[in-house]
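Report on the structure
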Amino acid sequence: MHEDAPRVDAVLAGSTTAWHSFVEDHAGLIQHALRRHLYDEEELRTVYVAVLAQLRQGKLAAWGRRCSLATWVVMVARNAARDHLRRRLGRRHVNRAVAGLSPRRRELFRLHFLQGWDYPRLLEHLAQQG
């Protein structure tokens with residue numbers, strides 16, 4: 001039995017104390033997982049709140065106890081970030097032309113078209129990269 005199981009069961013039973021304890025223990029982990037996919041702070045906060053809402057409203061019941069709770073929470077956060085980006089971008093796959101770019105050009109594409117960086121900011125970024 002996982003050491004987190006009693007607390008998850010308490011959260012699912014409606015315990016506010018268990019929920020607050022869960023959030024305290026996993027907030028940083030969730031934010032870190034989201035930050036790997038979302039670079040805009042407003043988007044990150046929006047998806048973070050959505051992840052917590054999903055977990056609070058019963059998503060925790062889907063934890064199958066086959067892996068650690070922390071690992072599972074990271075997967076939930078990662079999937080939420082990817083779903084958010086898919087909705088925002090309106091497609092599921094990267095265009096083949098973009099996939100064929102060098103890593104540096106792909107990064108510039110991502111910064112400009114996906115993150116909305118303007119050209120002065122891109123030039124500054126390039127200057128810093130050398």
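An account of the accompanying structure is given in this report. (Residues numbered from 1 in each chain as written. Predicted model: local features only at pLDDT ≥ 70, side-chain atom pairs only at ≥ 80, totals over all residues. Heavy atoms only, no water.)

Scanning the protein chain from N- to C-terminus turns up 7 helices and 0 strands. Along the protein chain, from the amino end to the carboxyl end, the secondary structure elements read α-α-α-α-α-α-α. On C-alpha atoms alone, the protein chain measures out to a radius of gyration of 18 Å, which is more than a quarter above the 14 Å that the 2.2 N^0.38 rule sets for 130 residues. Structurally, the protein chain occupies a C-alpha span of about 50 × 25 × 25 Å along its principal axes. By the burial criterion, 33% of the 130 residues in the protein chain qualify as buried. Restricting to contacts in the protein chain with at least 6 residues of sequence separation, those with at least 24 account for 58%. Carbon and sulfur atoms make up 52% of the accessible area of the protein chain, which totals about 8,600 Å². Mean positive and mean negative side-chain charge positions of the protein chain (21 and 13 charges, respectively) differ by 10 Å. (Helix = DSSP H or I, 4+ residues; strand = E, 2+ residues; numbered from the N terminus. Rg over C-alpha atoms; globule rule 2.2 N^0.38 Å. Buried < 20%, exposed > 50% of the residue type's maximum accessible area, 1.4 Å probe, protein only. Contact = heavy atoms within 4.5 Å. Areas by Shrake-Rupley, 256 points an atom, 1.4 Å probe, with all protein chains shown as cover. Lys, Arg positive; Asp, Glu negative; His and termini not counted. Charge placed at Lys NZ, Arg CZ, Asp CG, Glu CD.)

This part is about the nonpolar core. Phe22, Ile30, Leu34, Leu55 and Leu60 are the most contacted members of the largest nonpolar core, which totals 29 residues. Among the secondary structure elements, those contributing two or more residues to this core are helix 1 (5-12), helix 2 (16-35), helix 3 (41-56) and helix 4 (69-89). Among the elements that line this core, the one with the most residues is helix 4, at 9 residues. Those residues within four positions of Leu60 in sequence are excluded, and the remaining contacts are Val8, Val11, Leu12, Trp19, Phe22, Leu55, Leu69 and Trp72. (Core = buried A, V, L, I, M, F, W, Y, C linked by side-chain atoms within 4.5 Å.)

Here the focus is the side chain of Glu43. Looking at the element boundaries, Glu43 is found in helix 3. Those residues in contact with Glu43 that sit more than four places away from it in its chain are Leu38, His84 and Arg88.

Any link to function would need more than the numbers given here.
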